[in-house]
Amino acid sequence: MAAADETEQRVDAINAALKSPDAQLAGYLDALADDAVKTANGHAFIVQGDTVTDAASGAASTLPADAQDVVNSNYLRAVIGAAQAALALGSDDVHLRRKAAAQLTNDPDAARAEIIHHALATEKDAQVRALLERAQAAGDLTSDDVQQRLRAVAALAHEKTPDTQLLLNQRLSEERDPGVQKALQRALAEIADALAWGERLGQIFSGISLGSVLLLAALGLAITYGLMGVINMAHGELIMIGAYATYVVQGVFQRWLPEAAFGWYLVAAIPVAFLASALVGAILERGVIRFLYGRPLETLLATFGISLVLQQTVRSVFGAQNVGVENPAWMSGGLQWLPNLTLPWNRICIVVFAFLVLGGVAFLIARTRLGLFVRGVTQNRPMASCVGVNTARIDTYAFALGSGIAGLAGCALSQIGNVGPDLGQNYIVDSFLVVVLGGVGQLAGTVYAALGLGVLSKLLEGWTGAVLAKIAVLLFIVIFIQKRPQGIFALKGRSAEA
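Residues numbered from 1 in each chain as written. Predicted model: local features only at pLDDT ≥ 70, side-chain atom pairs only at ≥ 80, totals over all residues. Heavy atoms only, no water.

*Asks:* Hey, could you run me through the sheet that holds strand 1 (residues 37-40) in this one?
*Replies:* Pairing between sheet strands relies on hydrogen bonds along the backbone, with the strands arranged either parallel or antiparallel. Taken in spatial order, the four strands of this open sheet run 3-2-1-4, and their pairing is antiparallel. Strands at the two margins of the open sheet, each flanked by one partner only, are strand 3 (51-54) and strand 4 (68-69). Strand direction decides the pairing type here: strand 2 (residues 43-48) and strand 3, joined by four bridges, are antiparallel. Residue pairing for strand 3: Ile46 is matched across the bridge by Thr53. (Pairing = 2+ DSSP bridges. Helix = DSSP H or I, 4+ residues; strand = E, 2+ residues; numbered from the N terminus.)

Printed below as a string of structure tokens:
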């Protein structure tokens, strides 16, 4: 196992030892994997610090002066790891046995068939048994018996997983028997058909996830631009402020609160992100925007300058490098839906959060006194003023609301990407495209446009790549706006028909 000249001799020795393992084998394999074995005069010695042990007897010994290190290639390390996994099949820890069975599946060898067969005879855990049966079939793929290889292919064909597909592809590149080659090709075709559904559903979910992000980013703009007619080029920076507010709340929880409370930092960050961006938006409206209503070009230029100021302010306070925002434990991992389709919990939470925010905005606009005043001022400012509505105050409230929603978008985006001074620049153009495509002033149109563009982008990426997909989506929007300038949903009334 250590001193043989040929690699295959060492592999055969390891497999032979596994057939009748003794109490010292596990420790010896651990030492072999840790490069703690030396050889001299046909004997192996385990050297751990100042302690030298004879590998055969387990007794303390003295290291000969001419002892040499045992060098393990990557292939031998894989064999040693698989041997350690084979020994772990006898463990009382079911999680350790699952890990060991999965490792044996990834490194198949017909020489371990007897070990796996013995483990199957006593194994009670269904998951471990399934992994062992797969490992047994994977090992049979390397058998010299053609019929045994055919039976292994038939057994693995029922495992519609990417790992099985990779395993069969590797065997196909090495197989020389025509009959087994055809069986492998048929099995791979069946697995590819089954996995195609997971890929399609994955693309759709990715599109919905992207659409929910666009929806959050564009929802605030649907108010400030769609309802108020303000071209706010600083909208992306308001998203950035929400993300940095989340980062600050995370730091407070890490420094001042118990570790057990850290998972709740994101819940606390939601209102903080909303209020931080809403406050900046209110200051922006009171200090600049209120003097520029009805002058879209001046508004665009002024807010573009403000966006640069906000970016530089953040760089001065937090630095130019991205900052790290961690996912809470309950947002880590994902939901395994199909063998090749895992839905990340952070993406699922953002989709749900986007629609909750949408529902809250729709209720606020359609069912509350503030929403009534906002709609009244938007439709007919002079008449709203005549009936006693403080239009200046409503403008501030509406702009602060749109800015606060942008902050919520930043809070959500902090969970799926980097948080840096340029965060908002990645979404400002797409946000305007969503609002214009959906129809200015139409929340329903914003939803349809965001989800539609998200799904369309991801479907096109699978065919053309990310760059061409982006170009194709932009061309689609340009053509659509040429044919229907009012967007998907147009405002109803005489003003829209005039």
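On we go from here.
*Asks:* Any chance you could explain helix 5 (residues 113-122) here in plain terms?
*Replies:* In an α-helix, one turn spans 3.6 residues; hence positions three or four apart end up facing the same way. Burial in helix 5 covers these residues: Ile115, Ile116, Ala119 and Leu120. Each buried residue of helix 5 lies within a common arc of 135° when the element is viewed along its axis, so the set occupies one face. Seen from the open side of helix 5, the exposed residues pointing more than 90 degrees away from its buried face are Glu114, His117, His118, Ala121 and Thr122. If you follow the buried residues of helix 5, they end up packed against helix 1 (7-19), helix 3 (74-88), helix 4 (94-106) and helix 6 (126-140). (Buried < 20%, exposed > 50% of the residue type's maximum accessible area, 1.4 Å probe, protein only. Arc of directions from axis to C-beta. Contact = heavy atoms within 4.5 Å.)

*Asks:* What should I look at first to understand the environment of Val478 in this one?
*Replies:* In this fold, Val478 is placed in helix 19 (residues 466-483). Linking Val478 and Gly139, residues 339 residues apart in sequence, is a C-alpha distance of 57 Å.

*Asks:* Quick question: what am I supposed to make of helix 8 (residues 162-174) here?
*Replies:* Spanning 13 residues, helix 8 covers 19 Å between terminal C-alpha atoms, matching the ideal 18 Å at 1.5 Å per step. Taken together, the buried positions of helix 8 are occupied by Thr164, Leu167, Leu168 and Arg171. The buried residues of helix 8 occupy an angular sector of 95° when projected down its axis, which confines them to one face. (Expected span 1.5 Å × (residues − 1).)

*Asks:* Which parts of the structure should I look at to understand unusual backbone geometry?
*Replies:* Among all residues save glycine, negative phi is the norm, and among peptide bonds the norm is trans. Of note, Asp35 is a non-glycine position whose phi angle comes to about 60°, a positive value. Looking at the element boundaries, Asp35 is found in the loop between helix 2 (25-33) and strand 1. A relative accessible area of 43% means that Asp35 is categorised as partly exposed.

*Asks:* What is the right way to read the packing of helix 14 (residues 369-379) against helix 16 (residues 391-413) from this model?
*Replies:* Helix-helix packing: each pair is described by the crossing angle between the helix axes and the interaxial distance. Their axes nearest at 10 Å, the elements helix 14 and helix 16 cross at an angle of 110°. By the criterion of interaxial angle, the relationship of helix 14 to helix 16 is roughly perpendicular. With respect to the hand of their crossing, helix 14 and helix 16 are arranged in left-handed fashion. Residue-level contacts link Leu370, Phe373, Val374 and Val377 of helix 14 to Thr391, Ile394, Asp395, Tyr397 and Ala398 of helix 16. Taken together, the residues of the contact of helix 14 with helix 16 sort by class into seven nonpolar, one polar and one charged. (Axes fitted to C-alpha atoms, helices over the stretch in contact; angles between N-to-C directions. Parallel < 35°, antiparallel > 145°, perpendicular 65-115°, else oblique. Left-handed = near helix turned anticlockwise from the far one by under 90°. Nonpolar A, V, L, I, M, F, W, Y, C, P; charged D, E, K, R; others polar.)

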